[in-house]
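The primary structure of each chain is shown beneath.
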Amino acid sequence: MALKISGMQDWDPYKDEREGKLREVSNQAVWSLSSCKPGFGVEQLQDESMDAYWQSDGPQPHLVNIQFRRKTTIHDICIYSDYKSDESYTPNKISIRAGNHFNDLSELEQVELSEPSGWIYIPLKDITEKPIRTFMVQIAVIANHQNGRDTHMRRIKVHSPVEDISMAKMPNFLSCVEAAQFNTVR
(Lines give C-alpha, C1' and ligand atoms only; values in the text may rest on other atoms or scores of the structure.)
Protein backbone atom coordinates (compact mmCIF):
# COMPACT_ATOMS: atom_id res chain seq x y z
CA MET A 1 0.00 0.00 0.00
CA ALA A 2 2.93 2.37 0.52
CA LEU A 3 5.03 3.19 -2.53
CA LYS A 4 8.51 4.63 -2.10
CA ILE A 5 9.86 6.71 -4.96
CA SER A 6 13.21 8.44 -5.00
CA GLY A 7 15.28 10.54 -7.35
CA MET A 8 14.81 10.97 -11.08
CA GLN A 9 11.66 9.48 -12.62
CA ASP A 10 11.82 8.14 -16.16
CA TRP A 11 8.08 7.81 -16.76
CA ASP A 12 6.45 9.19 -19.91
CA PRO A 13 2.72 9.79 -19.23
CA TYR A 14 2.13 10.59 -22.91
CA LYS A 15 3.38 7.20 -24.20
CA ASP A 16 0.20 5.22 -23.47
CA GLU A 17 -1.92 8.14 -24.70
CA ARG A 18 -0.06 8.12 -28.04
CA GLU A 19 -0.48 4.34 -28.31
CA GLY A 20 -4.23 4.62 -27.67
CA LYS A 21 -4.18 2.59 -24.44
CA LEU A 22 -5.07 5.43 -22.06
CA ARG A 23 -6.80 8.78 -22.30
CA GLU A 24 -6.55 11.76 -20.00
CA VAL A 25 -9.86 12.48 -18.25
CA SER A 26 -8.80 15.50 -16.17
CA ASN A 27 -10.95 17.83 -18.27
CA GLN A 28 -14.09 15.82 -17.45
CA ALA A 29 -13.81 16.56 -13.73
CA VAL A 30 -14.50 19.48 -11.42
CA TRP A 31 -11.32 20.40 -9.53
CA SER A 32 -11.09 22.09 -6.14
CA LEU A 33 -8.21 22.88 -3.78
CA SER A 34 -7.99 23.18 -0.01
CA SER A 35 -6.15 26.50 -0.47
CA CYS A 36 -4.03 28.42 -2.94
CA LYS A 37 -2.05 31.62 -3.27
CA PRO A 38 -3.60 34.11 -5.72
CA GLY A 39 -2.52 33.24 -9.27
CA PHE A 40 -1.34 29.72 -8.30
CA GLY A 41 -4.54 27.64 -8.46
CA VAL A 42 -6.26 24.93 -10.48
CA GLU A 43 -5.46 26.54 -13.83
CA GLN A 44 -1.74 26.11 -13.15
CA LEU A 45 -2.19 22.41 -12.27
CA GLN A 46 -3.72 21.81 -15.68
CA ASP A 47 -1.34 24.08 -17.60
CA GLU A 48 0.93 22.23 -20.05
CA SER A 49 3.91 24.33 -18.95
CA MET A 50 6.11 22.76 -16.28
CA ASP A 51 7.01 26.26 -15.07
CA ALA A 52 3.46 26.84 -13.78
CA TYR A 53 2.45 25.33 -10.42
CA TRP A 54 -0.19 25.26 -7.70
CA GLN A 55 0.99 26.71 -4.41
CA SER A 56 -1.00 25.96 -1.28
CA ASP A 57 -1.60 28.57 1.38
CA GLY A 58 -2.61 27.11 4.74
CA PRO A 59 -2.16 24.22 7.15
CA GLN A 60 -1.48 20.64 6.07
CA PRO A 61 -2.83 18.40 4.70
CA HIS A 62 -3.10 20.21 1.36
CA LEU A 63 -5.88 18.71 -0.76
CA VAL A 64 -6.59 18.43 -4.47
CA ASN A 65 -10.15 17.19 -5.05
CA ILE A 66 -11.09 15.77 -8.45
CA GLN A 67 -14.82 15.08 -8.83
CA PHE A 68 -16.37 13.41 -11.87
CA ARG A 69 -19.98 13.87 -12.99
CA ARG A 70 -20.33 10.13 -13.58
CA LYS A 71 -18.56 7.08 -12.22
CA THR A 72 -15.24 6.95 -14.04
CA THR A 73 -12.64 4.22 -14.43
CA ILE A 74 -9.25 5.53 -13.30
CA HIS A 75 -6.10 3.66 -14.32
CA ASP A 76 -3.47 5.95 -12.80
CA ILE A 77 -2.53 9.41 -11.64
CA CYS A 78 0.68 11.09 -12.78
CA ILE A 79 2.12 13.99 -10.80
CA TYR A 80 4.99 16.14 -12.03
CA SER A 81 7.34 17.22 -9.27
CA ASP A 82 10.76 18.87 -9.32
CA TYR A 83 12.78 18.94 -6.11
CA LYS A 84 15.56 21.09 -7.59
CA SER A 85 13.10 23.90 -8.37
CA ASP A 86 10.79 23.61 -5.38
CA GLU A 87 13.03 22.33 -2.51
CA SER A 88 11.03 22.56 0.75
CA TYR A 89 7.79 23.04 -1.22
CA THR A 90 8.17 19.56 -2.76
CA PRO A 91 5.75 16.93 -1.41
CA ASN A 92 7.38 14.19 0.65
CA LYS A 93 4.34 12.07 1.55
CA ILE A 94 1.16 11.90 -0.57
CA SER A 95 -2.06 10.02 0.13
CA ILE A 96 -4.39 9.06 -2.74
CA ARG A 97 -8.01 8.57 -1.69
CA ALA A 98 -11.12 7.64 -3.67
CA GLY A 99 -14.86 7.33 -3.10
CA ASN A 100 -18.31 8.52 -4.09
CA HIS A 101 -18.09 11.85 -2.23
CA PHE A 102 -16.14 13.66 0.51
CA ASN A 103 -17.67 11.59 3.33
CA ASP A 104 -16.73 8.11 2.15
CA LEU A 105 -13.17 8.50 0.86
CA SER A 106 -10.82 5.61 1.55
CA GLU A 107 -7.07 5.60 1.10
CA LEU A 108 -5.83 3.60 -1.90
CA GLU A 109 -2.14 4.49 -1.86
CA GLN A 110 0.33 6.34 0.29
CA VAL A 111 3.42 7.45 -1.58
CA GLU A 112 6.72 8.53 -0.02
CA LEU A 113 8.87 10.68 -2.28
CA SER A 114 12.57 11.30 -1.86
CA GLU A 115 13.74 14.33 -3.87
CA PRO A 116 11.56 13.53 -6.91
CA SER A 117 12.35 14.99 -10.29
CA GLY A 118 9.97 14.24 -13.14
CA TRP A 119 6.70 12.37 -13.50
CA ILE A 120 5.53 10.25 -10.59
CA TYR A 121 3.35 7.35 -11.75
CA ILE A 122 0.77 6.10 -9.23
CA PRO A 123 -1.36 3.16 -10.43
CA LEU A 124 -4.83 2.98 -8.88
CA LYS A 125 -6.10 -0.59 -8.52
CA ASP A 126 -8.92 -2.15 -6.53
CA ILE A 127 -8.57 -5.37 -4.51
CA THR A 128 -8.94 -7.45 -7.69
CA GLU A 129 -6.06 -5.53 -9.35
CA LYS A 130 -8.39 -3.81 -11.83
CA PRO A 131 -8.51 -0.01 -12.34
CA ILE A 132 -10.82 1.67 -9.84
CA ARG A 133 -14.27 3.07 -10.70
CA THR A 134 -15.07 6.19 -8.72
CA PHE A 135 -16.78 9.55 -8.62
CA MET A 136 -14.04 11.30 -6.68
CA VAL A 137 -10.27 11.19 -6.23
CA GLN A 138 -8.48 13.19 -3.57
CA ILE A 139 -4.73 13.82 -3.49
CA ALA A 140 -3.58 14.81 -0.01
CA VAL A 141 -0.09 16.21 0.61
CA ILE A 142 0.63 15.04 4.15
CA ALA A 143 4.24 16.24 4.45
CA ASN A 144 6.82 18.22 2.49
CA HIS A 145 10.59 17.91 2.21
CA GLN A 146 12.59 19.78 4.87
CA ASN A 147 9.36 20.16 6.91
CA GLY A 148 8.07 22.79 4.47
CA ARG A 149 4.66 24.30 5.21
CA ASP A 150 3.17 25.06 1.80
CA THR A 151 3.47 22.82 -1.24
CA HIS A 152 4.02 23.10 -5.00
CA MET A 153 2.54 20.73 -7.57
CA ARG A 154 3.40 21.44 -11.18
CA ARG A 155 1.06 19.12 -13.12
CA ILE A 156 -1.45 16.35 -12.44
CA LYS A 157 -2.76 13.95 -15.11
CA VAL A 158 -5.59 11.46 -14.53
CA HIS A 159 -5.74 8.53 -16.97
CA SER A 160 -8.58 6.19 -17.86
CA PRO A 161 -8.22 3.03 -19.96
CA VAL A 162 -9.51 3.19 -23.52
CA GLU A 163 -12.23 0.60 -23.94
CA ASP A 164 -12.39 -1.03 -27.35
CA ILE A 165 -16.05 -1.59 -28.18
CA SER A 166 -15.74 -1.99 -31.92
CA MET A 167 -18.28 -4.14 -33.74
CA ALA A 168 -15.57 -6.55 -34.88
CA LYS A 169 -14.94 -7.64 -31.27
CA MET A 170 -18.58 -8.15 -30.35
CA PRO A 171 -20.13 -11.61 -30.67
CA ASN A 172 -22.18 -12.17 -33.79
CA PHE A 173 -25.70 -12.95 -32.56
CA LEU A 174 -27.17 -12.36 -35.99
CA SER A 175 -25.76 -15.26 -37.93
CA CYS A 176 -28.63 -16.29 -40.20
CA VAL A 177 -28.92 -14.56 -43.57
CA GLU A 178 -32.31 -12.95 -42.78
CA ALA A 179 -31.05 -11.41 -39.51
CA ALA A 180 -27.59 -10.48 -40.82
CA GLN A 181 -29.06 -7.64 -42.89
CA PHE A 182 -29.75 -5.81 -39.60
CA ASN A 183 -26.22 -6.41 -38.26
CA THR A 184 -24.93 -2.90 -39.02
CA VAL A 185 -26.02 0.56 -37.99
CA ARG A 186 -26.24 3.42 -40.45
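This one's a predicted model, so the numbers in the text were calculated from it and none came from an experiment.

(A) Here's a closer look at the environment of Ile122. Checked against the element boundaries, Ile122 lands in strand β8 (residues 106–123). Here Ile122 falls in the buried class, since its relative accessible area comes to 1%. Taking C-alpha positions, Ile122 is 5.5 Å from Asp76, a pair spaced 46 residues apart along the chain.

(B) Spatial organisation of the pattern of salt bridges. Using the criterion set out here, one finds nine salt bridges in the structure. Across the pair Lys157 and Glu24 runs a salt bridge, and its minimum N-O distance is 2.8 Å. With Lys157 in strand β11 (residues 155–161) and Glu24 in strand β2 (residues 22–24), the pair connects residues that are 133 residues apart, well separated along the chain. One network of salt bridges, with partners in common, ties together Glu17, Glu24, Glu48, Arg155 and Lys157.

(C) Geometry of unusual backbone geometry. Following Gln60, the chain continues to Pro61 via a peptide bond in cis, the omega torsion being 0°. When you line up the elements, Pro61 lands in the loop between β4 (54–55) and β5 (62–74). The phi dihedral of Glu129 falls on the positive side, at around 65°, and the residue is not glycine. At Gln146, a residue that is not glycine, the phi angle is positive and equals roughly 55°. In this structure, Gln146 sits in the loop between β9 (132–144) and β10 (152–153). Under the relative-accessibility criterion, Gln146 is labelled exposed at 53%.

(D) A look at the side chain of Asp76. As for its placement among the helices and strands, Asp76 is situated in strand β6 (residues 76–82). Within the structure, Asp76 has its side chain in polar contact with the side chain of His75 (distance 2.8 Å). Only 2.7 Å separates the side chain of Asp76 from the side chain of His159, close enough to count as a polar contact. Sequence-distant contacts of Asp76, that is, excluding residues within four places in its chain, are made with Leu22, Tyr121, Ile122, Pro123, Leu124, Lys157, Val158 and His159.

(E) Looking closely at the side chain of Asn144. Note that Asn144 resides in strand β9. Not counting the four nearest positions on each side in its chain, Asn144 is found in contact with Gln60, Ser88, Tyr89, Thr90, Pro91, Asn92, Arg149, Asp150 and Thr151.

(F) Fine view of the pairing of β8. The pairing of β6 with β8 spans seven bridges and is antiparallel. Looking at the pairing, Asp76 lines up with Pro123 of β8. Bridging between strand β7 (residues 91–99) and β8 involves six bridges; their strand directions are antiparallel. Its bridge partner lying in β8, Ile94 is registered against Val111. In textbook terms, the turn of a hairpin is the stretch between consecutive antiparallel strands, and for β7 and β8 this stretch comprises six residues.

(G) Broad picture of the layout of surface pockets. Of the volumes computed, that of the largest pocket is approximately 190 Å³. Every residue lining the largest pocket is listed: Arg23, Gln28, Phe68, Arg69, Arg70, Lys71, Thr72, Thr73, Arg133, Ser160 and Glu163. A breakdown of the residues in the lining of the largest pocket according to their chemical character gives one nonpolar, four polar and six charged.

(H) Representation of the nonpolar core within the structure. In this structure, Val64, Ile66, Ile77, Ile139, Met153 and Ile156 are the most contacted members of the largest nonpolar core, which totals 28 residues. Listed by contribution, the elements that provide at least two residues to this core are β3 (29–33), α2 (42–45), β5, β6, β7, β8, β9 and β11. Not counting the four nearest positions on each side in its chain, Ile156 is found in contact with Glu24, Ser26, Trp31, Leu45, Val64, Ile77, Cys78, Ile79 and Ile139.

Quick notes on the rules
- Residues numbered from 1 in each chain as written.
- Predicted model: local features only at pLDDT ≥ 70, side-chain atom pairs only at ≥ 80, totals over all residues.
- Heavy atoms only, no water.
- Helix = DSSP H or I, 4+ residues; strand = E, 2+ residues; numbered from the N terminus.
- Buried < 20%, exposed > 50% of the residue type's maximum accessible area, 1.4 Å probe, protein only.
- Salt bridge = Lys/Arg side-chain N within 4 Å of Asp/Glu carboxyl O.
- Polar contact = N/O pair within 3.5 Å; in protein donor to acceptor, adjacent residues only side chain to side chain.
- Contact = heavy atoms within 4.5 Å.
- Pairing = 2+ DSSP bridges.
- 1 Å grid on protein atoms, 1.4 Å probe; cavity = no way out; pocket = protein on both sides within 12 Å on 5 of 7 lines; lining within 4 Å.
- Points joined across faces, edges and corners; volume = space filled by probe spheres on them.
- Nonpolar A, V, L, I, M, F, W, Y, C, P; charged D, E, K, R; others polar.
- Core = buried A, V, L, I, M, F, W, Y, C linked by side-chain atoms within 4.5 Å.

Bear in mind that shape data such as this cannot, by itself, settle questions of function.
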